[in-house]
Amino acid sequence: MHHLKLHHHHRPSTLKPIYTTVRTTTSPPPFSSTNIANLVLTTETTAELTETLLYHPKIHWSTPLVNETLKKLWNHGPKALLFFTVLDRHTTYTHSLSSFHLAVDIAARLRRYSVVWSLLSRLRRRRLGPTPLTFSIILERYVSSGKPDKAVDIFLDLRKHFCDGFSHDLSMFNDMIDVLCKSKRVDKAVFLMGLFKGRLKFDVITYNIIANGWCLINRVNSGLGVLKEMIDKGIDPNLSTFNVILRGYFRTGQINEAWAFFKEIKRREFEVDVVTYTTLVHGFGVAGEVTRARRLFESMVDDGVLPNVATYNALIQVLCKKDSVENGIELFGDMVRKGYVPNVVTYNTLIRGLCHNGEMGRAEEFVGVMRKDGCEPNVQTFNMLIRYYCEAGEIEKGLDVFGKMGTEECLPNLDTYNVLISSMFVRKKSEDLVVAGRLLVEMVDRGFLPTRYNFNRVLNGLLVTGNQGFAREILRLQSKCGLLPRQFRL
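Quick caveat, the model's predicted, so the values are computed rather than measured. (Residues numbered from 1 in each chain as written. Predicted model: local features only at pLDDT ≥ 70, side-chain atom pairs only at ≥ 80, totals over all residues. Heavy atoms only, no water.)

### Notes on the overall build of the chain
For step 1, the next point in the chain: Helix and strand content of the chain: 26 helices and 0 strands.
For step 2, the next point in the chain: A globule of 490 residues ought to have a C-alpha radius of gyration of about 23 Å, and the chain, at 25 Å, matches this closely.
For step 3, the next point in the chain: Over its C-alpha atoms, taken along the principal directions, the chain stretches across nearly 70 × 60 × 55 Å.
For step 4, the next point in the chain: The buried share of the chain, taken over its 490 residues, is 52%.
For step 5, the next point in the chain: Of the accessible surface of the chain, which amounts to about 23800 Å², a share of 50% is contributed by carbon and sulfur atoms.
For step 6, the next point in the chain: Side-chain charges of the chain comprise 64 positive and 49 negative groups, with the mean position of each set lying 7 Å from the other. (Helix = DSSP H or I, 4+ residues; strand = E, 2+ residues; numbered from the N terminus. Rg over C-alpha atoms; globule rule 2.2 N^0.38 Å. Buried < 20%, exposed > 50% of the residue type's maximum accessible area, 1.4 Å probe, protein only. Areas by Shrake-Rupley, 256 points an atom, 1.4 Å probe, with all protein chains shown as cover. Lys, Arg positive; Asp, Glu negative; His and termini not counted. Charge placed at Lys NZ, Arg CZ, Asp CG, Glu CD.)

### Focus on the environment of Phe 455
For step 1, the next point in the chain: Topologically, Phe 455 is positioned in helix H25 (residues 452–464).
For step 2, the next point in the chain: Residue Phe 455 is classed as buried on the basis of its relative accessible area, which comes to 0%.

### Description of the nonpolar core
For step 1, the next point in the chain: Counting residues in hydrophobic clusters, the biggest one holds 161 residues, and the most contacted among them are Trp 61, Phe 83, Phe 155, Phe 173, Leu 192 and Ile 351.
For step 2, the next point in the chain: The greatest single-element share of this core, amounting to 9 residues, is contributed by helix H24 (residues 430–445).
For step 3, the next point in the chain: With residues up to four places along the chain from it excluded, the contact list for Phe 173 reads Phe 155, Leu 192, Met 193, Phe 196, Leu 200, Phe 202 and Thr 206. (Core = buried A, V, L, I, M, F, W, Y, C linked by side-chain atoms within 4.5 Å. Contact = heavy atoms within 4.5 Å.)

### Observations concerning the side chain of Thr 206
For step 1, the next point in the chain: Mapped onto the elements of the fold, Thr 206 is located in helix H11 (residues 204–216).
For step 2, the next point in the chain: According to the relative accessible area criterion, Thr 206 is buried, its value standing at 0%.

### Digging into the pattern of salt bridges
For step 1, the next point in the chain: Scanning the entire structure with this criterion turns up 19 salt bridges.
For step 2, the next point in the chain: One salt bridge connects Asp 88 with Arg 126, and the closest N-O pair in it is separated by 2.8 Å. With Asp 88 in the loop between helix H4 (77–87) and helix H5 (97–109) and Arg 126 in the loop between helix H6 (113–125) and helix H7 (132–144), the pair connects residues that are 38 residues apart, well separated along the chain.
For step 3, the next point in the chain: The buried category is assigned to Asp 88, whose relative accessible area is 17%.
For step 4, the next point in the chain: In this structure, Asp 432 engages Arg 427 in a salt bridge whose closest nitrogen and oxygen atoms are separated by 2.8 Å.
For step 5, the next point in the chain: Classification of Asp 432 by relative accessible area gives buried; the value is 2%.
For step 6, the next point in the chain: The network of salt bridges with common partners includes Glu 68, Lys 71 and Lys 72. (Salt bridge = Lys/Arg side-chain N within 4 Å of Asp/Glu carboxyl O.)

### A word on helix H13 (residues 239–251)
For step 1, the next point in the chain: Compared with the 18 Å implied by 1.5 Å per residue over 13 residues, the 18 Å span of H13 between its first and last C-alpha is a close match.
For step 2, the next point in the chain: Counting buried residues in H13 gives 10 out of 13 residues, a clear majority hidden from the surface.
For step 3, the next point in the chain: Buried-residue contacts for H13 involve H11, helix H12 (220–232), helix H14 (255–267) and helix H15 (274–286).
For step 4, the next point in the chain: Downstream of H13 by a residue or two, Gly 253 has a phi angle that is positive, lying close to 75°. (Expected span 1.5 Å × (residues − 1).)

### What to know about the UniProt feature "repeat: PPR" (unreviewed entry) in the chain
For step 1, the next point in the chain: When the UniProt feature table is mapped onto this chain numbering, "repeat: PPR" (unreviewed entry) sits at residues 203–237, 238–272, 273–307, 308–342, 343–377 and 378–412.
For step 2, the next point in the chain: The span residues 203–237 is 74% helical and 0% strand by assignment, and the distance between its end C-alpha atoms comes to 10 Å.
For step 3, the next point in the chain: Between the C-alpha atoms that bound residues 238–272 there is a distance of 10 Å. The span itself is 74% helix and 0% strand. (UniProt positions renumbered as here; feature names shortened; annotations may be inferred.)

### Section: the side chain of Ser 33
For step 1, the next point in the chain: Position of Ser 33 relative to the elements: it lies in helix H1 (residues 33–42).
For step 2, the next point in the chain: Those residues within four positions of Ser 33 in sequence are excluded, and the remaining contacts are Leu 65, Glu 68, Thr 69 and Lys 72.

### Some remarks on the environment of Ile 231
For step 1, the next point in the chain: Structurally, the position occupied by Ile 231 is in helix H12.
For step 2, the next point in the chain: Residue class for Ile 231 comes out partly exposed when judged on its relative accessible area of 44%.
For step 3, the next point in the chain: C-alpha separation for the pair Ile 231 and Lys 201, spaced 30 residues apart in sequence, amounts to 15 Å.

### Re the state of the cysteines
For step 1, the next point in the chain: What the rule picks out here adds up to 0 disulfides.
For step 2, the next point in the chain: No disulfide involves Cys 215; its sulfur sits 11 Å from that of Cys 181, the nearest cysteine.
For step 3, the next point in the chain: Cysteine Cys 320 remains unbridged, with the sulfur of Cys 355 as its closest cysteine sulfur at 11 Å.
For step 4, the next point in the chain: Assessed through its relative accessible area of 13%, Cys 320 is described here as buried. (Disulfide = S-S within 2.5 Å.)

### Observations regarding the packing of aromatic side chains
For step 1, the next point in the chain: Scanning the model with the defined rule gives 20 aromatic pairs in all.
For step 2, the next point in the chain: For the pair Tyr 312 and Tyr 340, a centre-to-centre distance of 4.8 Å together with 55° between the ring planes defines the contact as tilted. Here Tyr 312 is found in helix H17 (residues 309–322), whereas its partner Tyr 340 is found in the loop between helix H18 (325–337) and helix H19 (344–356), with 28 residues between them in sequence.
For step 3, the next point in the chain: On the accessibility criterion, Tyr 312 (1% relative accessible area) is buried.
For step 4, the next point in the chain: Ring pairing ties together the aromatic residues Phe 250, Trp 259, Phe 262, Tyr 277 and Phe 284, which thus form one cluster.
For step 5, the next point in the chain: When the ring centre of Phe 470 is taken as reference, the NZ or CZ atom of Arg 438 above it lies at 3.8 Å. (Phe/Tyr/Trp six-rings, centres within 6.5 Å; stacked < 30°, edge-to-face > 60°. Lys NZ or Arg CZ within 6 Å of the ring centre and 35° of its normal.)

### What to know about the packing of H24 against helix H26 (residues 468–480)
For step 1, the next point in the chain: Running from N to C, H24 and H26 cross one another at 25°; their axes reach a closest spacing of 11 Å. On the basis of the axis angle, H24 is roughly parallel to H26. In this structure, the crossing between H24 and H26 has a hand that is left-handed. Two secondary-structure elements touch here, H24 through Val 434, Gly 437, Arg 438, Leu 440, Val 441 and Val 444 and H26 through Phe 470, Ile 474 and Leu 477.
For step 2, the next point in the chain: Considering only residue class, the contact of H24 with H26 consists of 7 nonpolar, 1 polar and 1 charged. (Axes fitted to C-alpha atoms, helices over the stretch in contact; angles between N-to-C directions. Parallel < 35°, antiparallel > 145°, perpendicular 65-115°, else oblique. Left-handed = near helix turned anticlockwise from the far one by under 90°. Nonpolar A, V, L, I, M, F, W, Y, C, P; charged D, E, K, R; others polar.)

### With respect to unusual backbone geometry
For step 1, the next point in the chain: Cis geometry marks the peptide bond from Gly 129 to Pro 130; its omega dihedral reads 10°.
For step 2, the next point in the chain: Of note, the phi angle at Arg 111 is positive, near 65°, even though the residue is not glycine.
For step 3, the next point in the chain: In this fold, Arg 111 is placed in the loop between H5 and H6.
For step 4, the next point in the chain: Here Arg 111 falls in the partly exposed class, since its relative accessible area comes to 45%.

This is the structure we're talking about:
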C-alpha cells in the first residue's frame, strides 16, 4: 500500500505522509527558495512560521527570493498565500509589485475573490498599483473560471479602480479580448468591439486576435471574414494574420485549403517565417501526412528559414504519434548534434511516446536523461507517468511516482489528483477507496476544487465499502465546498 498523507482519525495505521517537502537535485544554499518553501510546507503553526520568516537573522529577503518561493508553492495555493501574508508583516522588507501580482494570481485561481480585492486595496495604499497588468491577471482568472460576464463588467468599470482621468487604451482592450478569445468566448470579444467602436482605433493586433478566436472554435470562414474586413478598412494584414488562418485550416482538417492558402501567401511575396513552417509540419503530420511533413521540414532551409526548437518538437510529436517513437528519438539525437537545446516539451513528447508504447522503463530512463541534460521534469512529466502506470493497472507504481513528486521541485496539480482518484476505482478494493478519500481531502487542503462528480463518486464508494465514518467527513467537506447533493441520506 502506498503511503499517503492523512488528515483524519479514520485511517489505517500503515498510511503515513507521502511528502512534505520540495528539493533540488543538488544541495541548495542555506535559505534558498527551496529551503523556505520546505519551511512553509512543514511548519505546523502560523506562530512558529511567523517567528522564522520575520526574525531569522540568516534569511535575507529580496524580491527574486520571494517570487521564486511563491512559484515553488504554486500548487499549494493556501500555503503560498500564508507565506505572502506572514512576510507582509516584516519590519524592513516590503513586497514588490511583481510579488503582489503572483499573490493576486494565486488568490484568483483559488477563487478567493475577497482576498484578491483586499490585495488590490493594499496596492493602492502603498501606491504600487493597481496597473493594467494587475487587471489583466484578474480578468483572465475570472474568464478561465467560467465568469466571462463578470470579467467584462470589471473591464468596463475599470475607471473606479484607477485615478481620475483614466480611459481604456488599445493595449488594455487587446489584452481583454485576447483572454476572451483564447477561452473560446469570441462572442464576448466581438460584443466589446462593438461597444468600443469609435472610441478606440483598432489595429492589426486587434483583428488578428479576433480572427484567431474564430479559428479556435473551428469557424475559419469567420476568420477569413475578419481578414476581408481588415483589408476593407485599410489595415494591412501581416504574417501573423496569415499564420492564424493557416492554423485554422489545419485545426479543421482542411489540409488542401491550408496548402492552397500557403501558396497564396508565397505568391503575394510575403516572407514566411519559422512559425509558418512549424504550423505546416505539425498540421500535415497530425493529418497523417508524415512524409509530407518531413519533406517540408527538410526543405524549409532552402526557403531561407531555419527550424527552431518548436519546429523540432512539432516533428518529434508527429513521429511519436503517427510513425514510430524510435524515429522521434533519432530526430532528437540529430537535433542535439546540431546544437539545439531541447526543452521540457521535447522530453515530455518523447516520454509520452514511450509511455504510449508501454515502455515505462525506458520512459523513466528518459526522465533521467532529461535531468542529466539540465532540464528538470515538470508536473506534466510526472502526470504522464502516473496516468500510464495507472492505465496499465500498475497503480502502486503510479502512487510511487506521486510520492516522488514531493522530493522534487514539483508539487501535484489538479490533474494529478483527478487521475489518481479515478484510478482508485479500477480494482474496487475498500483500501483503494480510502486512498481516494484521502486524496480528495488533500487536494481540497491544497486549494483545488474537486468536481461534484468526483465528490459523489468517492462518497458512494466509501458507503458501499462500509466506510461510513469517513463518508460523513467527505460529506461535510463537500458541503463546505458548496457542492452538496440536493438530496443525500447517510
